[in-house]
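# Summary of the model geometry
As a plain string of letters, each chain reads:
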Amino acid sequence: QKEVEQNSGPLSVPEGAIASLNCTYSDRGSQSFFWYRQYSGKSPELIMFIYSNGDKEDGRFTAQLNKASQYVSLLIRDSQPSDSATYLCAVNKPGGTSYGKLTFGQGTILTVHP
Amino acid sequence: DAGVTQSPTHLIKTRGQHVTLRCSPISGHKSVSWYQQVLGQGPQFIFQYYEKEERGRGNFPDRFSARQFPNYSSELNVNALLLGDSALYLCASSLGADSGNTIYFGEGSWLTVV
């Protein structure tokens with residue numbers, strides 16, 4: 001089992017729709033959860049982070065965390081063609097040799113078509 | 001304020017050669033991490049340095065080494081380059097070393113080994 005798994009893509013949604021990106025993680029000791037957006041040929045850009053169970057909203061983005069189910073998701077409302085990118089889920093577990101380490105999923109490619 | 005800066009942005013090396021990649025963190029950030037991202041995958045953790053000490057190491061061979069300088073900038077060195085080392089090398093900075101700190105990436109250094 002991979003440490004961090006994302007729903008296989010690519011995901012295609014029409015402009016204006018809600019895009020739902022999902023991520024599961026295996027280590028129950030994980031405490032911090034991040035969503036990064038990566039445009040082709042560019043570096044990852046932090047979109048949101050979440051530490052507590054529940055929802056966290058920032059503009060058109062909502063991150064959801066359920067530690068009991070080891071599940072984190074990202075919802076993008078009113079999707080725009082400019083949202084087309086690879087979305088990376090990353091998880092951080094403190095302590096030991098993994099101090100400060102982010103473990104990434106493989107990414108989900110999102111395409112928003114006009 | 002400047003973000004995370006990396007140099008060089010692109011470079012081509014021959015198998016067996018050595019490469020040094022450089023990174024300057026965001027002003028005030030004391031932690032620097034290095035990641036390798038091969039095409040189609042999420043970034044993989046290589047090293048983390050905090051206050052000039054190695055705090056974490058990923059599953060990479062001893063050909064990979066790094067250090068952090070008193071001004072918190074960092075170098076990643078890779079010896080005896082292999083074709084499989086071709087990747088985007090990402091430097092990330094954060095204020096501290098623990099899981100509560102958000103991590104920001106530089107634009108990366110694209111390494112091609114021929």
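Summary of the structure given here. (Residues numbered from 1 in each chain as written. Chains lettered and ligands numbered in written order. Predicted model: local features only at pLDDT ≥ 70, side-chain atom pairs only at ≥ 80, totals over all residues. Heavy atoms only, no water.)

## Let's talk about the environment of B:Ala92
All names here are of chain B. In this structure, Ala-92 sits in strand β9 (residues 87-94). Using a relative accessible area of 1% as the deciding quantity, one classes Ala-92 as buried. As for Ala-92 and Ser-24, which are separated by 68 residues in sequence, their C-alpha atoms are 9.2 Å apart. When neighbours within four sequence positions are excluded, Ala-92 is seen to be in contact with Ser-31, Val-32, Ser-33, Tyr-35, Ile-103, Tyr-104 and Phe-105. (Helix = DSSP H or I, 4+ residues; strand = E, 2+ residues; numbered from the N terminus. Buried < 20%, exposed > 50% of the residue type's maximum accessible area, 1.4 Å probe, protein only. Contact = heavy atoms within 4.5 Å.)

## Quick look at the interface of chain B and chain A
At the interface, 26 residues of chain B touch 24 residues of chain A. Both sides of the chain B and chain A interface together cover about 1800 Å² of buried area, and 56% of this is carbon and sulfur. For the interface between chain B and chain A, the tally reads zero salt bridges. Counting across the chain B and chain A interface gives four residue pairs in polar contact (both at pLDDT 80 or more). Broken down by class, the residue content of the side of chain B that touches chain A amounts to ten nonpolar, twelve polar and four charged. (Buried area = accessible area lost by both parts, 1.4 Å probe. Salt bridge = Lys/Arg side-chain N within 4 Å of Asp/Glu carboxyl O. Polar contact = N/O pair within 3.5 Å; in protein donor to acceptor, adjacent residues only side chain to side chain. Nonpolar A, V, L, I, M, F, W, Y, C, P; charged D, E, K, R; others polar.)

## Examining the pairing of strand β6 (residues 53-57) of chain B
Residues and elements named next belong to chain B. Looking at chain direction, strand β5 (residues 44-50) and β6 are connected through four bridges and run antiparallel. Bridge assignment links Gln-48 to a residue of β6, and that residue is Gly-56. Where β5 folds back onto β6 in an antiparallel hairpin, the turn is made up of two residues, including Glu-51, whose phi is positive at roughly 50°. (Pairing = 2+ DSSP bridges.)

## Here's the deal with the state of the cysteines
Tallied over the full model, the rule gives two disulfides over all chains. Through a disulfide, A:Cys23 is tied to A:Cys89; the S-S separation comes to 2.1 Å. Handedness here is read from the sign of the S-S torsion; for A:Cys23 and A:Cys89, about -70°, the answer is left-handed. With a gap of 66 residues between them, A:Cys23 in strand β3 (residues 19-25) and A:Cys89 in strand β9 (residues 85-92) connect regions that are remote in the sequence. The disulfide that involves B:Cys23 links it to B:Cys91, with 1.8 Å between the sulfurs. Linking B:Cys23 and B:Cys91, the disulfide has an S-S dihedral of approximately -65° and is accordingly described as left-handed. Here B:Cys91 lies in strand β9 and B:Cys23 lies in strand β3 (residues 19-24), a separation of 68 residues in the sequence. (Disulfide = S-S within 2.5 Å.)

## Some words on the sheet that holds strand β6 (residues 54-58) of chain A
Strand pairing in a sheet is mediated by backbone hydrogen bonds. Such pairs are either parallel or antiparallel. All names here are of chain A. Pairing is antiparallel in the open sheet, where five strands are placed in the order β1-β3-β8-β7-β6. The open sheet has two edge strands with one neighbour each: β1 (4-6) and β6. Each strand axis lies, on average, 15° off the axis of its neighbour in the sheet, ignoring direction. (Axes fitted to C-alpha atoms, helices over the stretch in contact; angles between N-to-C directions.)

## Observations regarding the environment of B:Ser27
Structurally, B:Ser27 is set in the loop between β3 and β4 (31-37). In the structure, B:Ser27 is positioned 79 residues away from B:Gly106 in sequence and 13 Å away in space, judged by C-alpha atoms.

## Structural notes on the packing of aromatic side chains
Applying the stated criterion across every chain yields a total of twelve aromatic pairs over all chains. Residues A:Tyr36 and A:Phe104 carry aromatic rings whose centres are separated by 5.7 Å and whose planes lie at 50° to one another, so their mutual orientation is tilted. Of this pair, A:Tyr36 sits in strand β4 (residues 32-38) while A:Phe104 sits in strand β10 (residues 102-104), placing them 68 residues apart in sequence. By relative accessible area, A:Phe104 is classed as buried at 6%. Linked through ring pairs, A:Phe34, A:Tyr36, A:Phe49, A:Tyr51, A:Phe104, B:Tyr35, B:Phe45 and B:Phe105 together constitute an aromatic cluster. (Phe/Tyr/Trp six-rings, centres within 6.5 Å; stacked < 30°, edge-to-face > 60°.)

## A few points about the pairing of strand β8 (residues 71-76) of chain A
Consecutive side chains along a regular strand alternate between the two faces of the sheet. All names here are of chain A. Of the pairings in the sheet, the one linking β3 to β8 comprises six bridges and is antiparallel in character. Its bridge partner being in β8, Ala-19 is matched across the sheet by Ile-76. Bridge analysis of strand β7 (residues 61-66) against β8 gives six bridges, and the strand direction is antiparallel. Paired with Leu-65 across the bridge in β8 is Val-72. With antiparallel pairing between neighbouring strands as the criterion, β7 and β8 make up a hairpin whose turn holds four residues, including Gln-70 at a positive phi of roughly 55°.

## Some words on unusual backbone geometry
Residue and element names in this part refer to chain B. The residue after Ser-7, namely Pro-8, is reached through a cis peptide bond having omega -10°. Inspection of the secondary structure assignment puts Pro-8 in the loop between β1 (5-7) and β2 (10-13). We note that Tyr-72 has phi near 75°; this positive angle belongs to a residue other than glycine. We classify Tyr-72 as buried; its relative accessible area is 19%.

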